[in-house]
Amino acid sequence: EDQVTQSPEALRLQEGESSSLNCSYTVSGLRGLFWYRQDPGKGPEFLFTLYSAGEEKEKERLKATLTKKESFLHITAPKPEDSATYLCAVQAGNTGKLIFGQGTTLQVKP
Amino acid sequence: NAGVMQNPRHLVRRRGQEARLRCSPVKGHSHVYWYRQLPEEGLKFMVYLQKENIIDESGMPKERFSAEFPKEGPSILRIQQVVRGDSAAYFCASSPRTDNQPQHFGDGTRLSIL
């Protein structure tokens, strides 16, 4: 069964304290791995797509990497505005459905 | 560019009533997906539609739930005879194609059942 597990569930950082979020997946025929950010009361906001092991994508303080079994979202020198829930999702098979992890809720304190 | 628009943002229904949730995809996107987020749970896929066709409804409850995406107008998720357990946030997403394209989400409809 296709499965996505994110860790930790919650993460508290001081402003400027870098860290990484983990997304482990078990899926047959990975077509893409997606990272989203979700703020309270809002829908998920697309961040990155990764397609193959070894691929990396960067955007401001965020960097996403992908191996054959997991993906990491590295946050460098985070700011309070980076506080949000970060969601990982995989797409597999012939339809476009996404399988989401439970998310990591990040809180960055000034 | 307008993103995915969902309405209403909040919907309150009494048990046994019907709920209709609407979704207008990003202009030019012909693929629509519905997801449900139950309290304290992650997003779960419900249904995938293209214009006038249901492609994958493997995540839809067998009874009371239906979805459509007509040739003209928004996609509709319909829940008949709602029960307390239907209380959740329902999100719609759209993409221009299926193959590896990111899905763009609306801000959801929060459904509350009294």
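Residues numbered from 1 in each chain as written. Chains lettered and ligands numbered in written order. Predicted model: local features only at pLDDT ≥ 70, side-chain atom pairs only at ≥ 80, totals over all residues. Heavy atoms only, no water.

Considerations on the overall build of chain B
No. 1: Helix and strand counts for chain B stand at zero helices and 11 strands.
No. 2: Listed N to C, the secondary structure of chain B is β-β-β-β-β-β-β-β-β-β-β in terms of helices and strands.
No. 3: Here the C-alpha atoms of chain B give a radius of gyration of 13 Å, agreeing with the 13 Å that 2.2 N^0.38 yields for 114 residues.
No. 4: Once the C-alpha set of chain B is aligned to its principal axes, its extents read approximately 40 × 25 × 25 Å.
No. 5: Within chain B, the fraction of its 114 residues that count as buried is 46%.
No. 6: If you sum the accessible surface of chain B, you get close to 5900 Å²; carbon and sulfur atoms cover 44% of it.
No. 7: With 17 positive and 12 negative side-chain charges, chain B shows a separation of 6 Å between the mean positions of the two kinds. (Helix = DSSP H or I, 4+ residues; strand = E, 2+ residues; numbered from the N terminus. Rg over C-alpha atoms; globule rule 2.2 N^0.38 Å. Buried < 20%, exposed > 50% of the residue type's maximum accessible area, 1.4 Å probe, protein only. Areas by Shrake-Rupley, 256 points an atom, 1.4 Å probe, with all protein chains shown as cover. Lys, Arg positive; Asp, Glu negative; His and termini not counted. Charge placed at Lys NZ, Arg CZ, Asp CG, Glu CD.)

Description of the overall build of chain A
No. 1: Counting its regular elements, chain A contains zero helices and 11 strands.
No. 2: Taken from the N to the C terminus, the helices and strands of chain A come in the order β-β-β-β-β-β-β-β-β-β-β.
No. 3: Over its C-alpha trace chain A gives a radius of gyration of 13 Å, about what one expects of a compact globule, namely 13 Å for 110 residues.
No. 4: In terms of principal-axis extent, the alpha carbons of chain A reach across some 45 × 30 × 20 Å.
No. 5: A total of 110 residues make up chain A; the buried ones form 46% of that total.

A few points about the pattern of salt bridges
No. 1: Counted by the stated rule, this structure contains eight salt bridges over all chains.
No. 2: A salt bridge links Asp39(A) to Arg37(A), with the nearest nitrogen and oxygen atoms 3.1 Å apart.
No. 3: A relative accessible area of 25% places Asp39(A) in the partly exposed class.
No. 4: The buried category is assigned to Arg37(A), whose relative accessible area is 15%.
No. 5: A salt bridge links Arg61(A) to Asp82(A); its shortest N-O distance comes to 2.8 Å. You can see Arg61(A) sitting in the loop between β6 (56-59) and β7 (62-66) and its partner Asp82(A) sitting in the loop between β8 (70-75) and β9 (84-92), a full 21 residues away along the chain.
No. 6: A relative accessible area of 6% means that Asp82(A) is categorised as buried.
No. 7: Among the charged side chains, a network of salt bridges with common partners joins Glu18(B), Arg20(B) and Arg78(B). (Salt bridge = Lys/Arg side-chain N within 4 Å of Asp/Glu carboxyl O.)

Quick notes on the sheet that holds β7(A)
All names here are of chain A.
No. 1: Strand order in this open sheet of five strands is β1-β3-β8-β7-β6, and the pairing throughout is antiparallel. Edge strands, defined here as strands with exactly one partner in the open sheet, are β1 (3-7) and β6. Geometrically, the sheet is characterised by an average inter-axis angle of 15° between neighbouring strands, direction not taken into account.
No. 2: Sheet topology note: the β6/β7 ladder contains four bridges and is antiparallel. Looking at β7, one finds that Glu 58 is bridged to Lys 63. (Pairing = 2+ DSSP bridges. Axes fitted to C-alpha atoms, helices over the stretch in contact; angles between N-to-C directions.)

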